[in-house]
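Structural description and commentary
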Amino acid sequence: MDTYETILKRRSIRSYIVSKDVEEEKIEKILNAAFHAPIASGKYDNLLIKIYKNEKLKELQNELISLTNKDNTYNAPLVFFIYHKGENIDLANLDSGAVIENILLEATNLSLGSLFIYSFVRLAKEHPSFKKYYEIKREDGNYILRSIVSLGYIDKENVSNIEHKMKVEVE
């Protein structure tokens, strides 16, 4: 699939085949795509991707269900948490967004579904039992959660009927 095709094919997927794990070689390709995102001043060490899968992911999903009565990951078999350290919130959001876009596009290229999820960040920031997901304190600094991305094989195609148009002005 060429780049343009991949961009047009990408959709937000909310229904995954739970019993089908994403292969390690696909995870590696997705991570490699993330590592090649454009980052302000080339400060790649400001970013941290934490991967949840298997039992750790099930624990997280059960916590979500018990607290909110829903699973914000949509029962995905794989979830990437994207963290950023640094004082400049705008750069943190832009850097994280570039990483997320590369993850989403490579997942589509590999015939996987994906979903960019911000609602979990608000929950992690505000709810005491989820604070452990919001900030990771490490020797090299504190990493703050910017977003999560769920990934997996598509169970049902959820094709949006939203018209993909934006305003364009040329001067």
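Above this text you will find the structure in question.
In this report, the structure presented in the accompanying data block is examined. This structure is a prediction, so every number in the text was calculated from the model and none was measured.

**Some thoughts on the overall build of the chain**
- Broken down by element type, the chain carries six helices and five strands.
- Here the C-alpha radius of gyration of the chain, 16 Å, is about what a compact globule of 171 residues would show, namely 16 Å.
- Taken along the three principal axes of its C-alpha coordinates, the chain extends 45 × 40 × 35 Å.
- Classification of the 171 residues of the chain by burial places 43% in the buried group.
- Contacts in the chain between residues at least 24 apart in sequence constitute 79% of all its contacts with a sequence separation of at least 6.
- Here the chain displays about 10,400 Å² of accessible surface, and carbon together with sulfur accounts for 50% of that area.
- For the chain, the distance from the average site of its 24 positive side-chain charges to the average site of its 26 negative ones is 4 Å.

**Concerning unusual backbone geometry**
- Positive phi values are uncommon outside glycine, yet N54 reaches one of about 55°.
- Mapped onto the elements, N54 comes out in helix α3 (residues 54-68).
- Using a relative accessible area of 46% as the deciding quantity, one classes N54 as partly exposed.
- With a phi angle near 65°, N69 is a residue other than glycine that sits in the positive phi range.
- Looking at the element boundaries, N69 is found in the loop between α3 and β2 (78-84).
- The class for N69 is exposed, based on a relative accessible area of 70%.

**Side note on α3**
- Over its 15 residues, α3 extends 21 Å from the first C-alpha to the last, a length consistent with the 21 Å expected when each residue adds 1.5 Å.
- Those residues of α3 not exposed but buried are L57, L60, Q61, E63 and L64. For α3, the angular spread of buried residues about the axis comes to 155°, placing them on one side. Turned more than 90 degrees away from the buried face of α3 sit E55 and S66, all of them exposed.
- Tucked into the core, α3 has its buried residues touching β1 (47-53), β2, α5 (119-126) and α6 (131-134).
- The first or second residue beyond α3 is N69, which carries a positive phi of 65°.

What counts as what
Residues numbered from 1 in each chain as written. Predicted model: local features only at pLDDT ≥ 70, side-chain atom pairs only at ≥ 80, totals over all residues. Heavy atoms only, no water. Helix = DSSP H or I, 4+ residues; strand = E, 2+ residues; numbered from the N terminus. Rg over C-alpha atoms; globule rule 2.2 N^0.38 Å. Buried < 20%, exposed > 50% of the residue type's maximum accessible area, 1.4 Å probe, protein only. Contact = heavy atoms within 4.5 Å. Areas by Shrake-Rupley, 256 points an atom, 1.4 Å probe, with all protein chains shown as cover. Lys, Arg positive; Asp, Glu negative; His and termini not counted. Charge placed at Lys NZ, Arg CZ, Asp CG, Glu CD. Expected span 1.5 Å × (residues − 1). Arc of directions from axis to C-beta.

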